[in-house]
Amino acid sequence: MPAPVPFAEIVRSDFVEGHHYGSALCLEADGTVGWSLGDVDSPILPRSSNKPVQALAMVLLGLDLPPDLLALACASHSGEEFHQEGVRRILATVGLDESALGNIEDYPLGVEAREEALRRGEAKSRLAMNCSGKHAAMLATCVAAGWPLEGYLDPKHPLQEGIQEVFEACTGEAAYVTVDGCGAPALSTSLTGLARAFSTIASAVDGPGARVAEAMRLHPEYVSGTTRDEVALHRAVPGLIGKLGAEAVYAVALPDGRAWALKADDGGDRARAVVMAAALLRDGVGDLDGVDADAVRATGEAPILGGGVRVGEIRALL
């Protein structure tokens, strides 16, 4: 059985201080694995990287939102004011308010938004929690389909059964079901299955898949936030869709059907963007028309400081 391998090194003043172990792959447009390292076939929990696939399922089940709000359904948002207002808008489309949300209470995920909330003395809330867009969309899907709101997070609720069915069809793998941090079901797949699902969405030319992809492309700031590395990557590579997940999972795909997925085995997020940027540049994405290769490279910058001065970096081993 393959195991995660060193895929990033921590370098301080040219001294290799340590490594992040992980797994990664590139899926070609024809569905074959172009290259891989580590274990890309064993099940993992992609956590929030699943959200675009869950959103696809909800559209197939009757969810109908404008592109900005559909992007928010795919989000682990930073909790900025426009994110929270967007969640209110999703709920309002079906006559609900934030009291209907079943996710946990939390402070905003984004550093700036969280610090601002703390300065204002705000308490944790369901609205500010980064998964509230997904939960609002789940509630709206239940209303559209005529399903009860009560128990909408139960894996046996028709909403969650429908999501799991679509998820397994997109990944090509049976899912193990557990509970995500927000309280919703968390579905497993391999990195290969995750890349396969992202390829399906990104390459769609019409229908629900194309709607989800276009929403993410038009409104990447709703998928993450205004200052996150994900939004920078979306803007650097026209047509790309990408989504991180907890425990250092990351998946991206292009309209041509190519997709990349990775996971740092230790869950350390600082290597995530470093390895993804290196993978994309390795595979020639920086040479595509309209791509800002320098901006792609910048998303993978992870400096190591000594005395407040840069003395090294986290470096991908691809």
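Residues numbered from 1 in each chain as written. Predicted model: local features only at pLDDT ≥ 70, side-chain atom pairs only at ≥ 80, totals over all residues. Heavy atoms only, no water.

### Quick notes on the packing of helix H3 (residues 81-92) against helix H5 (residues 132-145)
Between H3 and H5, whose axes approach to 9 Å, the crossing angle comes to 5 degrees. By the angle between their axes, H3 is roughly parallel relative to H5. Where H3 abuts H5, its residues Val87, Ile90 and Leu91 lie against Ser132, Gly133, Ala136, Ala137, Leu139 and Ala140. The residue makeup of the contact of H3 with H5, split by class, is seven nonpolar, two polar and no charged. (Axes fitted to C-alpha atoms, helices over the stretch in contact; angles between N-to-C directions. Helix = DSSP H or I, 4+ residues; strand = E, 2+ residues; numbered from the N terminus. Parallel < 35°, antiparallel > 145°, perpendicular 65-115°, else oblique. Contact = heavy atoms within 4.5 Å. Nonpolar A, V, L, I, M, F, W, Y, C, P; charged D, E, K, R; others polar.)

### Thoughts on the pairing of strand E2 (residues 15-27)
Relative to E2, strand E1 (residues 5-12) runs antiparallel, the two being bridged by seven bridges. Bridging from a neighbouring strand, proline 6 pairs with tyrosine 21 of E2. The turn joining E1 and E2, which pair antiparallel and follow one another in sequence, is formed by two residues; a positive phi near 50 degrees is taken by serine 13. The sheet contact formed by E2 and strand E8 (residues 259-264) spans six bridges and is antiparallel. Directly across from cysteine 26, in E8, lies its bridge partner tryptophan 260. When E2 meets strand E3 (residues 33-37), the two strands line up antiparallel, connected through four bridges. Its bridge partner being in E3, leucine 25 is matched across the sheet by serine 36. (Pairing = 2+ DSSP bridges.)

### Considerations on the state of the cysteines
Under the definition given, this model contains zero disulfides. The thiol of cysteine 170 is unpaired, and the distance to the nearest cysteine sulfur, on cysteine 74, comes to 12 Å. In this structure cysteine 170 comes out as buried when scored by relative accessible area, which is 11%. In this structure cysteine 182 is a free cysteine whose sulfur lies 4.0 Å from that of cysteine 131, the closest cysteine sulfur available. (Disulfide = S-S within 2.5 Å. Buried < 20%, exposed > 50% of the residue type's maximum accessible area, 1.4 Å probe, protein only.)

### Thoughts on the packing of aromatic side chains
By the definition in use, this model includes one aromatic pair. One residue, arginine 272, lies across the ring of tyrosine 250, its end atom 4.7 Å from the ring centre. (Phe/Tyr/Trp six-rings, centres within 6.5 Å; stacked < 30°, edge-to-face > 60°. Lys NZ or Arg CZ within 6 Å of the ring centre and 35° of its normal.)

### Notes on the environment of leucine 27
Inspection of the secondary structure puts leucine 27 in strand E2. Spatially, the C-alpha atom of leucine 27 lies 9.9 Å from that of leucine 191, the residues being 164 residues apart in sequence.

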